Amino acid sequence: MLNDIIHSNIGLFHFITALISLITGTVVVLNTKGTLFHKRIGYVYVFAMLTLNLSSFFIINFGGFSLFHFFAIVSLLTVIGGMYAAWRRHNNWLTAHYYFMSWSVVGLYAALWSEIGTRFVDNMKDFWWMVALATFMTIAIGARIINKNAKKLNLK
């Protein structure tokens, strides 16, 4: 079964880093912020996301650079933005860190739906509709959770 889904060593690497990113990103989101645990798991998440996104540029499914590669760049920018804010500690750094990293996790879940679509939908017309619907639903739910938690954390 896995051979039908993963077609190369880079695909396997991408799959493993995606799983690590999904697990650690979810753990960070669900646990108390600012603790040593948060920081340690957060660094695993960041490393996994960086390697996940970089590996995506070696996967060519649609004849070259595609919409998925564009979103890998967006994902890289959210992770870098979140870490930059945490490292620089400028005014309002916590708000920037929270929003960048939270959207990074939401984007990761949206990418999960896209990946499922590429593997299990044969008709490209249905694929794009399914990916769009799942992505918009993920973003809507993610926005609600992010904003609710930002209020709890007194972030602007």
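Residues numbered from 1 in each chain as written. Predicted model: local features only at pLDDT ≥ 70, side-chain atom pairs only at ≥ 80, totals over all residues. Heavy atoms only, no water.

A word on the nonpolar core. Membership of the largest hydrophobic core is limited to 11 residues, which are Ala18, Leu22, Tyr45, Val46, Met49, Leu52, Val79, Met83, Met101, Val105 and Leu108. Among the elements of the structure, helix H2 (9-30), helix H3 (36-56), helix H4 (67-88) and helix H5 (93-120) are those that each provide at least two residues to this core. For this core, the element with the highest residue contribution is H3, accounting for four residues. Residues Tyr98, Val106, Ala150 and Leu155 belong to the second largest nonpolar core, which totals five residues. (Core = buried A, V, L, I, M, F, W, Y, C linked by side-chain atoms within 4.5 Å. Buried < 20%, exposed > 50% of the residue type's maximum accessible area, 1.4 Å probe, protein only. Helix = DSSP H or I, 4+ residues; strand = E, 2+ residues; numbered from the N terminus.)

With that settled, consider a nonpolar patch on the surface. Taken together, the side chains of Leu12, Phe15, Ile16, Leu19, Ile20, Ile23 and Val44 make up a nonpolar region of the molecular surface, amounting to roughly 560 Å² of accessible area. Counting through the fold element by element, leucine 19 comes out in helix H2. (Patch = residues over 30% accessible without salt bridge, like charges linked within 9 Å, V, L, I, M, F, W, Y side chains within 5 Å. Areas by Shrake-Rupley, 256 points an atom, 1.4 Å probe, with all protein chains shown as cover. Salt bridge = Lys/Arg side-chain N within 4 Å of Asp/Glu carboxyl O.)

Once that is clear, we can look at the side chain of asparagine 53. You can see asparagine 53 is positioned in helix H3. Given a relative accessible area of 6%, asparagine 53 falls into the buried group. Of note is the side chain of asparagine 53, whose polar atom sits 3.0 Å from the side chain of serine 75. Those residues within four positions of asparagine 53 in sequence are excluded, and the remaining contacts are Ala72, Ser75 and Leu76. (Polar contact = N/O pair within 3.5 Å; in protein donor to acceptor, adjacent residues only side chain to side chain. Contact = heavy atoms within 4.5 Å.)

We now examine unusual backbone geometry. Notably, asparagine 92 is not glycine yet its phi reads approximately 65 degrees, a positive angle. Along the chain, asparagine 92 turns up in the loop between H4 and H5. On the accessibility criterion, asparagine 92 (49% relative accessible area) is partly exposed. The phi dihedral of asparagine 154 is positive, around 60 degrees, even though this residue is not glycine. Along the chain, the position of asparagine 154 falls in the segment after helix H6 (124-152).

Moving on, we come to the packing of aromatic side chains. Scanning the entire structure with this criterion turns up one aromatic pair. For the pair tyrosine 98 and tyrosine 99, a centre-to-centre distance of 5.3 Å together with 75 degrees between the ring planes defines the contact as edge-to-face. The residue whose ring lies beneath arginine 89 is tryptophan 93, and the NZ or CZ to ring-centre distance is 4.0 Å. (Phe/Tyr/Trp six-rings, centres within 6.5 Å; stacked < 30°, edge-to-face > 60°. Lys NZ or Arg CZ within 6 Å of the ring centre and 35° of its normal.)

We now examine the environment of histidine 14. Mapped onto the secondary structure, histidine 14 falls in helix H2. Taking relative accessible area as the criterion, histidine 14 reaches 18% and is therefore assigned buried. C-alpha of histidine 14 to C-alpha of methionine 49: the two residues are 35 residues apart in sequence and 9.9 Å apart in space. Those residues in contact with histidine 14, other than ones at most four positions away along the chain, are Leu52, Ser55, Ser56 and Ile59. In this structure the side chain of histidine 14 is engaged in a polar contact, spanning 3.2 Å, whose partner is the backbone oxygen of leucine 52.

The next subject is the side chain of threonine 78. Examined against the element boundaries, threonine 78 turns out to sit in helix H4. Contacts of threonine 78, omitting those with residues within four sequence positions, involve Phe100, Met101 and Ser104.

This paragraph deals with the confidence of the model for the chain. Caution applies to low-pLDDT parts of the model: their predicted coordinates are not meant to be read in detail. The pLDDT averaged across the chain works out to 86; a share of 88% of its residues lies at or above 70. The least confident element of the chain, judged by mean pLDDT, is helix H1 (residues 2-5) at 54; the most confident is H3 at 94. (pLDDT = per-residue confidence, 0-100.)

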